[in-house]
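Examining the three-dimensional arrangement
Below are the chains, spelled out letter by letter.
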Amino acid sequence: MSKVAARVVHYGANDPQTYRGGVESFARNLRLIFDEVSFMFPGNLDVEKVRREKLMVVCDNHWVTDWPTDIPVIGFQHGVAAVKASITGNRTGRKMAKRQAKAAKRDNTIWVACADWIATTFEALSGNGAEHVIYHQVDLERFDGKRVDTDPKLVLHDARGAHKGESEVAGLTRRFPDWKLEPLACEPSEVPDRMRKAAAFLHLSKYEGNSIVVNEALAMDLPCFVTKVGLMKDEARPRDVHIVDPEQAFADPDYLDREFAAFLRSLSSREYAPREWTLANAHLDVVRDKWRAVVAQWRAAWPGA
């Protein structure tokens, strides 16, 4: 299926061409969806160009407030800052929650979320539940599910910081010395080949919106040990994964050890196939169709676009 015929500007805090982060990965990946994608950010904001050329602006949630309300914009809900702040106690998260609440009041905004739980939570908190839910697409040619020369003892993880399970993964590394628990840490272009060699993927997190790296691990058909956060809270979530309770996993090392040991045992007795969920829910054709519905609504809101 062809790309969506639309000229898109992504607007967020950083330049996706130089900054590494989940929102920036999402912004770069929009080029898999649309004919033309450019990037704007604070200090590089050209309202008149957008107005003159009637470009479709996709904003990282609270950044919609930088745009005058005569311009219809897409507000993309990557996560709920109020929930993240309540779980992690992060001061930045509390500030962002206030900005998201303010953004919810912006007129002429089409809200899109990357998970059902995000849409329903924003509806409950601010009354701006997303009209469209679009799971993160994965480049299925790069993340092709073909794992070769696999190291049967290698378990990759992405434990960067306290709420991503840095201490907990370090504990598992000590307590399971026969296994190689290693960080994914590599350049984005190297991620598929890094995953290709692994036996499994470990993702301990107290909070996620919808983790892109988990979606990539699913696409690579890696057996996944994950906490029930983000995408895993959705009714339509992947089922062929090992899910644990995040509060208990972070509070009770014995519980975490029992669950992780059971998961490791299952690798030799069970055939995991999480890629099937990706093909059904995050295939480019599926995601492009959903974005076409967003584009149609945007064009109806801006005659002549």
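Up top is the structure these notes are about.
Since the model is a prediction, treat every value here as computed from it, not as a measurement.

Calculation rules
Residues numbered from 1 in each chain as written. Predicted model: local features only at pLDDT ≥ 70, side-chain atom pairs only at ≥ 80, totals over all residues. Heavy atoms only, no water. Helix = DSSP H or I, 4+ residues; strand = E, 2+ residues; numbered from the N terminus. Pairing = 2+ DSSP bridges. Contact = heavy atoms within 4.5 Å. Axes fitted to C-alpha atoms, helices over the stretch in contact; angles between N-to-C directions. Expected span 1.5 Å × (residues − 1). Buried < 20%, exposed > 50% of the residue type's maximum accessible area, 1.4 Å probe, protein only. Arc of directions from axis to C-beta. Right-handed = clockwise from strand over helix to strand, strands pointing away. Polar contact = N/O pair within 3.5 Å; in protein donor to acceptor, adjacent residues only side chain to side chain.

1. Description of unusual backbone geometry
We note that Lys-54 has phi near 50 degrees; this positive angle belongs to a residue other than glycine. Relative to the elements of secondary structure, Lys-54 occurs in the loop between helix H2 (47–53) and strand E3 (56–60). At Asn-61, a residue that is not glycine, the phi angle is positive and equals roughly 20 degrees. Along the chain, the position of Asn-61 falls in the loop between E3 and strand E4 (73–77).

2. So, the sheet that holds strand E1 (residues 4–11)
What holds strands together in a sheet is hydrogen bonding between their backbones, with the strands either parallel or antiparallel. Read from one edge of the open sheet, six strands run E2-E1-E3-E4-E5-E6, paired in parallel fashion. Here the strands that pair on one side only, and so sit at the sheet edges, are strand E2 (34–40) and strand E6 (132–133). Note: E1 against E2, six bridges, orientation parallel. Looking across to E2, one finds that Arg-7 is bridged to Glu-36. Sitting on the sheet, helix H5 (residues 116–126) is in contact with E4, strand E5 (109–113) and E6, with an inclination near 110 degrees to E4. Packed on one face of the sheet, helix H12 (residues 284–301) meets E1, E2, E3, E4, E5 and E6 and runs near 80 degrees to E1.

3. Section: helix H4 (residues 91–103)
An α-helix turns once every 3.6 residues. As a result, residues three or four positions apart point the same way. In a regular helix each residue adds 1.5 Å, so 13 residues correspond to 18 Å; H4 covers 19 Å between its end C-alpha atoms and thus fits that length. Where H4 is concerned, the buried positions are Gly-93, Ala-97, Gln-100 and Ala-103. On an axial view of H4, the arc spanned by its buried residues comes to 120 degrees, and they lie on one face. Exposed residues on H4 whose side chains face more than 90 degrees from its buried face are Arg-91, Lys-95, Lys-98 and Lys-102. Looking at the packing, one finds that the buried side of H4 touches helix H3 (81–88), E5 and H5.

4. Comments concerning the pairing of strand E7 (residues 154–157)
Strand residues, when the strand is regular, have side chains that alternate between the two faces of the sheet. Where burial is concerned, the two faces of E7 agree: the one with Leu-154 and Leu-156 and the one with Val-155 and His-157 are both buried. Note: E7 against strand E8 (residues 180–183), four bridges, orientation parallel. Paired with Val-155 across the strands is Leu-181, a residue of E8. Once you follow E7 into helix H6 (residues 166–175) and on to E8, the crossover reads as right-handed.

5. Focus on helix H8 (residues 212–219)
The buried fraction of H8 is high, at eight of eight residues. Where H8 is concerned, the buried positions are Ile-212, Val-213, Val-214, Asn-215, Glu-216, Ala-217, Leu-218 and Ala-219. Buried positions along H8 lie against helix H1 (22–29), helix H7 (191–196), strand E9 (200–203), strand E10 (224–227) and helix H11 (275–281). The residue sitting at the N-terminus of H8 and contributing the capping side-chain oxygen is Ser-211; that oxygen lies 3.4 Å from the backbone nitrogen of Val-213. Just downstream of H8 lies Asp-221, where phi reads positive at about 65 degrees.

6. A few points about the environment of Val-191
Mapped onto the elements of the fold, Val-191 is located in helix H7. Leave out the neighbours within four places in its chain, and Val-191 touches Phe-143, Leu-184, Cys-186 and Glu-216.

7. Examining the side chain of Asn-215
Inspection of the secondary structure assignment puts Asn-215 in helix H8. Reaching out from Asn-215, the side chain makes a polar contact with the side chain of Asn-210 at a distance of 2.8 Å. Not counting chain neighbours up to four residues away, the residues in contact with Asn-215 comprise His-136, Val-138, Asn-210, Leu-231, Trp-277 and Thr-278.

8. Section: the side chain of Asp-158
Mapping Asp-158 onto the fold places it in the loop between E7 and H6. Looking at Asp-158, its side chain comes within polar contact range of the side chain of Arg-160, at 2.9 Å. Beyond its immediate chain neighbours, meaning those up to four positions away, Asp-158 contacts Lys-164, Phe-201, Leu-202, His-203 and Val-213.

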